[in-house]
Amino acid sequence: MQQTLPVIRTTPADMDWGTDLWDQCDQIEKHTQSGIDLLELYVKFVKERTEIELGYAKQLRNLTKKYAKRGSKEELDCKFSNHASFQEILNELNDYAGQREIVAENMTTGICAELNKYLQDLKQERKGHLSEAKKAQQNLESSFKHLESIKKRFAKEWAEAEKATQQAEKTEHDVNATKMDVEKAKNHAHARTHTAEESRNDYAAELQKYNKEQNYFYYTEIPQIFNKMQEMDEQRIRHLAKGYCQFSDVEKKVLPIISKCLEGIAAAGNKINEKQDSMLFIEQHKSGFERPADVEFEDYSQGIKAATSDSSLNPPKVRAKLWPFGKKHKPPAAEDFSHLPPEQRKKKLQAKIDDINKELQKTQDQSDALEKMKGVYEQNPQLGDPTSLEPQISETTHHIGRLRGELAKYETWLSEAVGGEESANVINNNAQHVNVAADQTRNLYTEFDDEFEDVDPPLGQCTVLYNFEGNSEGTVSIAEGELLSIMEEDKGDGWMRVLKGNGEEGFIPSSYISRDS
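Definitions and cut-offs
Residues numbered from 1 in each chain as written. Predicted model: local features only at pLDDT ≥ 70, side-chain atom pairs only at ≥ 80, totals over all residues. Heavy atoms only, no water. UniProt positions renumbered as here; feature names shortened; annotations may be inferred. Helix = DSSP H or I, 4+ residues; strand = E, 2+ residues; numbered from the N terminus. Contact = heavy atoms within 4.5 Å. Areas by Shrake-Rupley, 256 points an atom, 1.4 Å probe, with all protein chains shown as cover. Pairing = 2+ DSSP bridges. Axes fitted to C-alpha atoms, helices over the stretch in contact; angles between N-to-C directions. Core = buried A, V, L, I, M, F, W, Y, C linked by side-chain atoms within 4.5 Å. Buried < 20%, exposed > 50% of the residue type's maximum accessible area, 1.4 Å probe, protein only. Domains from an automatic or database assignment. Parallel < 35°, antiparallel > 145°, perpendicular 65-115°, else oblique. Left-handed = near helix turned anticlockwise from the far one by under 90°. Nonpolar A, V, L, I, M, F, W, Y, C, P; charged D, E, K, R; others polar. Salt bridge = Lys/Arg side-chain N within 4 Å of Asp/Glu carboxyl O. Patch = residues over 30% accessible without salt bridge, like charges linked within 9 Å, V, L, I, M, F, W, Y side chains within 5 Å. Phe/Tyr/Trp six-rings, centres within 6.5 Å; stacked < 30°, edge-to-face > 60°. Expected span 1.5 Å × (residues − 1). Bend = angle between axes of the 7 residues up to and from the residue.

As annotated in an unreviewed UniProt entry, the chain carries the name Cdc42-interacting protein 4-like protein and comes from Takifugu flavidus. Under the UniProt heading Sequence similarities (unreviewed entry), the entry covering the chain gives this text: "Belongs to the FNBP1 family."

Now the structure itself:
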């Protein structure tokens, strides 16, 4: 298997800043400054990108929060697959927003923070190299000035020596000059020449020294400084290249999770089941009532027959108006959910029983725990006083008794709702529209008020099973456990006439009583 070797970028050995750019100090200074400016520009660019990511993530989170379902009605809607899928989409979008925040955080810590720290070190390093080059340049200029001063002194001394030599020769050829004057002039010329020779030697030594320093400056010192700056700039480029790659890598790291979020959104769409939603809607709102029967023909051509006591005791049948698109006024909620249609009542009662069972199990577990703790305290008094638990045990026992009573009550109502569904349909149907019947029969009951005094004796006795509020005309209110006299049997419409102990008489639902044997 052939192994792939990494690509190594090389620079020719004879190409470097110190050799080829020895006289371009100003350009090197500008170039390195331009590199620092680019690095700062990239950091600023990444920082603005993170701000965009954070703003985008914040807007996404606000959007999901705005459209998230809250409240009991929304929770009921979420049972439908199309509603639930939309909530799942919002959850996935919220997770997607979290990944955008991670991108911003990683860019801030992995790129901006690292490059900012490196920028400070880079500026200091560049400043040090430039300062070193400037100092070397100043030293060379100082040496050159010193050389120039020694050179000038040598020129001056040599001119003075030549002048003294010429004066000595002139004095020697002067016939008027004494031997002493000639000797004095020669000694002066010799002294000046000796001084000039010393200045010449100093100049030569200083020149040799300067040339050596200049050679070191141009061939060793400056190339070393410039090569260090070249290495510094190449390192800057490598850091910048790494920052460029990180810009992509940060995004790549979150792509798997972002892909999962998008897959989750697609899965939420594919999960929708329109048939199941339709069935669920039916289950939630099916009333269980039968459709209204045909309207009977009422023949008024035969004239109005004389009223009898029987007709006075039976309210005329009034057809219930079950318009499917009409506005319905919700009756007040009853504890046994009798205000609901049969199907909905059964569901509500079953749900209530389930809740009571859960609460009962929880309370029973709490009671068992208290009993165990009491036993531990009795065996180990140092752990606690057993009598301190008595109030809690008593309260829990009372709560269990109350829950069991509630459970028995709701189970009785559920049994009645399941077992007497047909009669319940008629009762609820009449209860919803009793106001209509009452309004139309008000005059009829008024006309025969006097005849109620001559009613036959009671047909039997009964006991009230459930409370009933007789708010409509012709009905009477009854309370659970109350004894009543049956004055008129159910004629098939679900209502019967009774007489209360206080003399009050009226109609009640037939299924709300139990006949006494």
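Chemist: Before we go on, may I ask you to explain the overall build of the chain in this structure?
Modeler: Counting its regular elements, the chain contains 11 helices and five strands. Taking contacts inside the chain between residues at least 6 apart in sequence as the whole, the part at least 24 apart equals 75%. Only carbon and sulfur atoms are counted for the fraction: they give 52% of the accessible area of the chain, which is about 35,300 Å².

Chemist: Sorry, what's going on with the sheet that holds strand β1 (residues 460-464) here?
Modeler: By definition, the strands of a sheet pair up through backbone hydrogen bonds, in either a parallel or an antiparallel sense. In space, the five strands of this open sheet follow the order β4-β3-β2-β1-β5, with antiparallel pairing throughout. Of all the strands in the sheet, just β4 (505-509) and β5 (513-515) have a single pairing partner and so form its edges. On average, each strand axis in the sheet is inclined to that of its neighbour by 45°, with strand direction left out of account. Two elements, β1 and β5, share three bridges in a ladder whose sense is antiparallel. For T463, the partnering residue across the bridge sits in β5 and is S514.

Chemist: Can you walk me through the side chain of E206 in this structure?
Modeler: Within the secondary structure, E206 is located in helix α5 (residues 179-270). When residues no more than four places from it in sequence are discounted, the contact partners of E206 are S143, H146, L147 and I150.

Chemist: I keep staring at the environment of G264 and nothing clicks. Help me out?
Modeler: Here G264 lies in helix α5. Through-space distance from the C-alpha of G264 to that of S85 is 9.8 Å; in sequence the pair is 179 residues apart.

Chemist: Teacher, can you tell me more about the nonpolar core here?
Modeler: Within soluble globular proteins, side chains that are nonpolar generally end up buried alongside one another. Core analysis: the largest hydrophobic core is formed by 28 residues, its most contacted members being L349, Y410, I478, L484, I508 and I513. For this core, the elements supplying multiple residues, two or more each, are α8 (342-379), α9 (390-419), β1, β2 (483-488), β3 (495-499) and β4. Looking at which element gives the most residues to this core, the answer is α9, with seven residues. Each of domain 2 (342-417) and domain 3 (460-515) accounts for three or more of the residues forming this core. Counting residues in hydrophobic clusters, the runner-up holds 23 residues, among them I36, V43, V103 and M107.

Chemist: Quick question: what am I supposed to make of the packing of helix α2 (residues 25-67) against helix α4 (residues 81-172) here?
Modeler: Any two packed helices are characterised by how steeply their axes cross, that is the angle between the axes, and by the distance between the axes. Where α2 contacts α4, the axes come no closer than 8 Å and their chain directions differ by 160°. By the angle between their directions, the pair α2 and α4 is classed as roughly antiparallel. Considering how the two elements wind past one another, α2 and α4 form a crossing that is left-handed. Its residues assigned to classes, the contact of α2 with α4 comprises 26 nonpolar, nine polar and 10 charged.

Chemist: Explanation requested: the pattern of salt bridges in the structure shown.
Modeler: Should the charged atoms of two oppositely charged side chains come close, the side chains can pair. The full count for this structure, using the stated rule, is 20 salt bridges. For D233, the salt bridge goes to R236, with nearest N and O atoms at 3.0 Å. Note that D233 and R236 are positioned in helix α5 at a spacing of three residues, about one turn of the helix. Here R236 falls in the buried class, since its relative accessible area comes to 6%. Among the salt bridges present, the one from E283 reaches K347, with a minimum N-O distance of 3.2 Å. Note that E283 is positioned in helix α6 (residues 274-285) and K347 in helix α8, a separation of 64 residues in sequence. When its relative accessible area of 32% is taken as the criterion, K347 is described as partly exposed. Through salt bridges with shared partners, a single network forms among R49, E53, R100 and E251.

Chemist: Would you mind showing me how to read the pairing of β3 here?
Modeler: Successive residues of a regular strand alternate their side chains across the two faces of the sheet. The element β3 is extensively covered by neighbouring structure, given that four of its five residues are classed as buried. Looking at chain direction, β2 and β3 are connected through three bridges and run antiparallel. Within β3, the residue paired with S485 across the bridge is L499. From the end of β2 to the start of β3, which pair antiparallel, there are six residues, and G492 there has a positive phi angle of about 100°.

Chemist: Even after reading the chapter, I still don't get a nonpolar patch on the surface, so can you show me in this structure?
Modeler: On the surface, L38, L41 and Y244 cluster together to form a nonpolar patch covering roughly 290 Å² of accessible area. Among the structural elements, Y244 can be located in helix α5. According to the relative accessible area criterion, Y244 is partly exposed, its value standing at 41%.

Chemist: Mind showing me how you'd approach the packing of aromatic side chains here?
Modeler: Any pair of aromatic rings gets described here by the distance separating the centres and the angle formed by the planes. Throughout the structure, instances matching the rule amount to 14 aromatic pairs. Aromatic pair Y42 and Y244: ring centres 4.8 Å apart, planes at 80°, arrangement edge-to-face. Residue Y42 is located in helix α2, and its partner Y244 is located in helix α5; the two are separated by 202 residues in the primary sequence. Judged by its relative accessible area of 8%, Y42 falls in the buried class.

Chemist: Please explain α5 as it appears in this structure.
Modeler: In an α-helix, one turn spans 3.6 residues, which is why side chains three or four residues apart end up on the same side. Between its terminal C-alpha atoms α5 stretches 133 Å, which fits the 136 Å expected from 92 residues at 1.5 Å a residue. At F217, α5 shows its maximal bend, which comes to roughly 45°.

Chemist: Would you take a moment to explain the side chain of Q230 for this structure?
Modeler: For Q230, the position within the fold is in helix α5. Classification of Q230 as buried rests on a relative accessible area of 11%. The contact partners of Q230, leaving out residues within four places of it in the chain, are D16 and W17.

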